[in-house]
There are 2 protein chains.
Amino acid sequence: MTIGLSTMLAKLESLFASDHASVVSMNLFVALLCACIVLGHLLEETRWMNESITALIIGSCTGIVILLISGGKSSRILVFSEDLFFIYLLPPIIFNAGFQVKKKQFFRNFMTIMLFGAIGTLISFVIISLGAKHFFEKMNIGDLTISDYLAIGAIFSATDSVCTLQVLNQDETPLLYSLVFGEGVVNDATSVVLFNAIQRFDLTNINSAIALEFAGNFFYLFILSTALGVAAGLLSALIMKKLYIGRHSTDREVALMMLLAYLSYMLAELFHLSSILTVFFCGIVMSHYTWHNVTGKSKVTTKHTFAALSFLAEIFIFLYVGMDALDIEKWDVVRDSPGKSIGVSSILLGLVLLGRAAFVFPLSFLSNLTKSSDEKIDWKKQVTIWWAGLMRGAVSMALAYNQFTTSGHTKILGNAIMITSTITVVLFSTVVFGLLTKPLVKHLQPTSKRTPTPISSLTEPLLNGDGSSIQSHETLVRTQGQSDYNIDLPISFAMFWNKPSRAIHHYWRRFDNAVMRRTFGGRGVTKAVPGSPVETSAGQWGEEVENKEIFPEP
Amino acid sequence: MTIGLSTMLAKLESLFASDHASVVSMNLFVALLCACIVLGHLLEETRWMNESITALIIGSCTGIVILLISGGKSSRILVFSEDLFFIYLLPPIIFNAGFQVKKKQFFRNFMTIMLFGAIGTLISFVIISLGAKHFFEKMNIGDLTISDYLAIGAIFSATDSVCTLQVLNQDETPLLYSLVFGEGVVNDATSVVLFNAIQRFDLTNINSAIALEFAGNFFYLFILSTALGVAAGLLSALIMKKLYIGRHSTDREVALMMLLAYLSYMLAELFHLSSILTVFFCGIVMSHYTWHNVTGKSKVTTKHTFAALSFLAEIFIFLYVGMDALDIEKWDVVRDSPGKSIGVSSILLGLVLLGRAAFVFPLSFLSNLTKSSDEKIDWKKQVTIWWAGLMRGAVSMALAYNQFTTSGHTKILGNAIMITSTITVVLFSTVVFGLLTKPLVKHLQPTSKRTPTPISSLTEPLLNGDGSSIQSHETLVRTQGQSDYNIDLPISFAMFWNKPSRAIHHYWRRFDNAVMRRTFGGRGVTKAVPGSPVETSAGQWGEEVENKEIFPEP
């Protein structure tokens, strides 16, 4: 143990030993992250783009630029490290997902989510494994063992919950969001557990005993991981409540919550459990118990800090994947057989589409049998669920690297083809499927447009549905916001006179909380124009919304 | 450049390559961090302890335990990595210091701070260098060059701004805090710049030309570093204001502020400037401009996130230093000459005391000449300033490692003695001087006790100064807080009737904001007991204090 930490830190020391080149790289990387955020913000208006795709594209472009500068010699721009991914980048994302998920929706659909996430992933895994074995054996792409085919099944069953989060909106389509996202987390866990099991078990001759042991192992991991996450969450709630940490300093509470969340993840790693599941349930319990035992400021801080860290980790991953895709060495081996590589990628994409369809529609049917008519998953929702889970991301990349780079770095044709195909599938599914998801959701779920959403409503017109007759909020806010944020709300004032209650309702529900706080909440109530109708009521509306917004039941 | 990042990440990959031992170590380390926070919280009542000392002691104890478990064989428990320190741990601490510093106080005392931080450090540097040369040459402790003696001067001139922050209270003693802390930051920068200059220049024969170049280099670095920090801060303010990032997501604002702050630090590293100064001024500008251009939620979040991250980095460093102190290899070499090691440490401590006295008192006298009588630094303040800057910390450790471990790891007697003496001085000054600082400040600045302080006032009695006649707030809060946080305030109610205005003033100013929010702010005003005098006013007081607390001018 002591040797481990010492070795680790000795390595860490050598890692950054006054290496000017790595300082340059870090500068470049941080600057690119900033660029992704700013560009992602500017592209927010277009419903087609999101930060993931922006980061992926910026990453690839940077890769190309570096490749050109180095004259094609720099064969390795950036090496994808699965450990960096699993130890530092994934935990904040999954924890935040648990922390921010709408628990009511999540637990109401718990059985459906488990059905999709566990059984569905298994179905998808079987189909992709069998399909890969069927097609690839005929294609002569090098030696792939039965274990490799099963690994391919696990790798391409892992949907990208990160990307899914960015495409669907929790407020616009709550049911879909909780189904797709909940499924994504359980699916990630299932894939990782499957993958670990494949690597651990001797699968040259499968019999019923092994299959049973496999299933037992799976449930054992699932239950223990969940229990550990719940225990860590409850422990943190107990500490906050009994010791009342926030009494002296709210920062201590925030720091302790971060540490305990991370500890739950690392403990799961220590006991070889599914750390994704652990940290997800830790997030749920923390938002349900711990969060209510901390000070108000800690509530706001943790809510947004976890979201911001998760957001940073997400764009980091996509930037990373984008840059890694250009690694020449990988492509060198498959350069002689481009047809094969394209063939393998196409087959895999097809299998992904098929594997997902094979469980979404039948399981939705099963799930509908137990539900009342208004809760049923109609075919439009089924198509959306099917489509929203097609993206493959960093988990697939990490698993593929783990499986296919153990024996030398992709020098073997079979391994090289699998790595390049994984990259192709990830890039294609994220960019093409990702770009098409928002329009598809918009097309299939048109009713969601009218649901008032506090944060993202700025892109939608004010009161009217068609967006033609009244100046949109967005324009209003932007015009005013750019001057000095002191919005005098010319349109809204008129509305207050004409249809006060409706105006107020729509106004506050739809108006960006940020602007609201700038106008009333943040600067104090007294700053409203004296004598105007806003003055008397702004405080109470501001307060009401403020309490809702700042202290929502997460 | 590309090779750099690639090498770095390849190393990072090998660093965590499924190494179970390092997972164990990380668990241990995170668990210890949690323990430090909880213990630090529990020991908060005692005015003598703080988190730094707690972490240092816990770290040392863990080191001893590990040493015993491994049977004295584990020679390296934890290696202090100066790069980990300078690249990951120091930036959040210094940035947060700039972000939270009371700018009015800081800039009012700017000249005094610069006098102490720059000229004072130079005086201290000269005295320690000369003293070390004088004494150590007679002690026969191996070959130390002139460059080594100058390095010793720079190493022991670096006060520990981290520890200082924890000992003094910004609200109780604002002038002292801004002087000692401001000096600490400038002093850190001066020491690092001095140290780099020593390593870069050929100092075997010093003449006036070299001295002039040295001074020119110093001012060049100082001005350019400050300018870079200010530019980065202004850029972030411009982006927030013009693009109005918070419109869509408050998390994006938080993430962008973090990234830009870090970018300023890394850019300074890239151009070989003083990154400490850069990130400090970036923090000041960000809190002055950027912070006012973000949403209300971002304000709360950034304020507390930066504080929490800085807090985590601080206890990480002290835990680290505490564990590193037990490294056997270092002590092996000096084991044969314990007298020499103790002698060197004592001489260094004496020189530190003398070197600091040699500039604090004369420069205070100079500074007093320019000030009006009520702003003068009286002798009690001078003693406090002298004492509060005696602690040596992680910066000294990092510089010492840089200077004395280049030629093999402390195998040479002179190097080994310098490393162990540095550890001794750091431990002794932090623990002994640190423990004595709080009582000393209390003794020398008794008036500060009556200043109402919103956060830390809970350790002080309510209304009365002697703490005998009325139950202290702390007891009240703890007793009530442990039940369910619904405080019905029996004592305070009596006061509201007797001396309403005074009670209100003292009550709200002194009462912990957390409890306040739980009672009124966080859960909505309507929950106050109907008919009680609190009901009518709680909202407005709560709001007033809430606005002050959540949106203070940082």
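Fair warning: this is a prediction, and the values are worked out from it, not measured in the lab.

Cut-off values and rules
Residues numbered from 1 in each chain as written. Chains lettered and ligands numbered in written order. Predicted model: local features only at pLDDT ≥ 70, side-chain atom pairs only at ≥ 80, totals over all residues. Heavy atoms only, no water. Helix = DSSP H or I, 4+ residues; strand = E, 2+ residues; numbered from the N terminus. Buried < 20%, exposed > 50% of the residue type's maximum accessible area, 1.4 Å probe, protein only. Contact = heavy atoms within 4.5 Å. Salt bridge = Lys/Arg side-chain N within 4 Å of Asp/Glu carboxyl O. Patch = residues over 30% accessible without salt bridge, like charges linked within 9 Å, V, L, I, M, F, W, Y side chains within 5 Å. Areas by Shrake-Rupley, 256 points an atom, 1.4 Å probe, with all protein chains shown as cover. Axes fitted to C-alpha atoms, helices over the stretch in contact; angles between N-to-C directions. Parallel < 35°, antiparallel > 145°, perpendicular 65-115°, else oblique. Left-handed = near helix turned anticlockwise from the far one by under 90°. Nonpolar A, V, L, I, M, F, W, Y, C, P; charged D, E, K, R; others polar.

**Side note on the overall build of chain A**
Then, number 1: Along its length, chain A carries 23 helices and zero strands.
Then, number 2: Split into buried and exposed, the 554 residues of chain A put 63% on the buried side.
Then, number 3: In chain A, of all internal contacts separated by at least 6 residues, the share reaching a separation of at least 24 is 80%.

**Some words on the pattern of salt bridges**
Residues and elements named next belong to chain A.
Then, number 1: According to the stated counting rule, one finds four salt bridges over all chains in the structure shown.
Then, number 2: Glu137 serves as the salt-bridge partner of Lys133, at 2.7 Å between the closest nitrogen and oxygen. Here Lys133 and its partner Glu137 are both found in helix α6 (residues 110-139), four residues apart, which amounts to about one turn of the helix.

**Quick look at the side chain of A:Thr422**
Residues and elements named next belong to chain A.
Then, number 1: One can find Thr422 in helix α18 (residues 413-444).
Then, number 2: With relative accessibility at 2%, the residue Thr422 sits in the buried group.
Then, number 3: The contact partners of Thr422, leaving out residues within four places of it in the chain, are Phe156, Ser396, Met397 and Ala400.

**Concerning the environment of A:Met418**
Then, number 1: Mapped onto the secondary structure, A:Met418 falls in helix α18.
Then, number 2: Sequence-wise, A:Met418 and A:Trp331 are 87 residues apart; in three dimensions their C-alpha atoms are separated by 11 Å.

**Looking at a nonpolar patch on the surface**
Then, number 1: Residues A:Phe219, A:Tyr220, A:Ile223 and A:Leu224 make up a contiguous nonpolar surface patch of about 430 Å² in total accessible area.
Then, number 2: Within the secondary structure layout, A:Phe219 lies in helix α10 (residues 208-243).

**A closer look at the packing of helix α6 (residues 110-139) of chain B against helix α15 (residues 338-369) of chain B**
All names here are of chain B.
Then, number 1: At their nearest, the axes of α6 and α15 sit 8 Å apart, and the two run at 150° to each other. One way to sum up the angle between α6 and α15 is to call them roughly antiparallel. Crossing of α6 over α15 shows right-handed handedness.

**Thoughts on the packing of α6(B) against helix α9 (residues 174-200) of chain B**
Two measures define how a pair of helices packs: the angle their axes make with one another and the distance between the axes.
Residue and element names in this part refer to chain B.
Then, number 1: α9 packs onto α6 with a crossing angle of 45° between their chain directions and a minimal axis gap of 8 Å. Between α6 and α9, the interaxial angle falls into the category oblique. Judged by the twist between their axes, the crossing of α6 over α9 is right-handed. Only Ser178, Leu179, Gly182, Glu183, Val186, Asn187, Thr190, Ser191, Leu194 and Ile198 of α9 make contact with α6, whose side of the interface consists of Thr112, Ile113, Met114, Phe116, Gly117, Ala118, Thr121, Leu122 and Phe125.
Then, number 2: Residues belonging to the contact of α6 with α9 are distributed by class as follows: 10 nonpolar, eight polar and one charged.

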